[in-house]
Amino acid sequence: MKPLTEQEIRAAFVNCTKGEAKRLHIPRDLAEQPWDDLDFLGWRDPQAPDRAYLAAESDGRAVAVALRSSGAASWQARRSICSLCVTTHTGGVSLLVAPLAGKAGKQGNSVGAYMCSDLACSLYVRGKRETGTRLHESLTVEEKIRRTVANVAGFVAKVTASPA
């Protein structure tokens, strides 16, 4: 992924107001992010644990999405699978919900997906972060990366889609 600046990330949000994008917490360590190993930048808000954010490339431009998660629940201790990178976790997957962009989001419409709670999908796919046990897959790392990129693009497309 191409390294992004704080200004690029803030300008890329599609499902919150400019004021909300200006106030949300961007990681302070952007320069230290492993950009070459990232398919998207994902982070949790340290001030609000129920908020998370995802920034990815779509059609050659940065697109960022604000997400919300439910509070920790007892069912989250079960083994679950991330819908973006297909990594299994015990208690490390959360349902993250994004308001839709535009008028639909203002009306309360949203889309959700089960994602790695720490949004480190890119690192799990590349074997740079471990979950403990991993399901065996016959895909190469490059194929897993392509699948993750496609899944992220699909999720972002759902957030930005205009109703017909």
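Scroll up a little and you will see the structure.
Cut-offs applied
Residues numbered from 1 in each chain as written. Predicted model: local features only at pLDDT ≥ 70, side-chain atom pairs only at ≥ 80, totals over all residues. Heavy atoms only, no water. Helix = DSSP H or I, 4+ residues; strand = E, 2+ residues; numbered from the N terminus. Buried < 20%, exposed > 50% of the residue type's maximum accessible area, 1.4 Å probe, protein only. Core = buried A, V, L, I, M, F, W, Y, C linked by side-chain atoms within 4.5 Å. Contact = heavy atoms within 4.5 Å. Pairing = 2+ DSSP bridges.

1. A look at unusual backbone geometry
In most cases, non-glycine residues show a negative phi, while peptide bonds are predominantly trans. Of note in this structure, V86 is not a glycine but carries a positive phi near 60°. Along the chain, the position of V86 falls in the loop between β4 (79-81) and β5 (88-90). Accessibility expressed as a relative area gives 28% for V86, which makes it partly exposed. Backbone geometry places L119, a non-glycine residue, at a positive phi of 55°.

2. Focus on the nonpolar core
Soluble, globular proteins show a tendency: their nonpolar side chains are buried together. Core analysis: the largest hydrophobic core is formed by 29 residues, its most contacted members being F40, L54, L67, L84, M115 and F155. For this core, the secondary-structure elements that each account for two or more residues are β2 (48-58), β3 (61-69), β6 (93-99), β7 (110-116), α4 (121-125) and α5 (141-160). For this core, the element with the most residues is α5, which contributes five residues. Excluding residues within four positions of it along the chain, F40 makes contact with M1, L54, A55, A56, L84, L119, C121, S122, T148 and V152.

3. Comments concerning the pairing of β6
Bridge count between β3 and β6: two bridges; the pairing is antiparallel. Residue pairing for β6: R68 is matched across the bridge by V97. Of the strand pairs in this sheet, β6 and β7 are connected by seven bridges, and their pairing is antiparallel. Looking at β7, one finds that V93 is bridged to C116.

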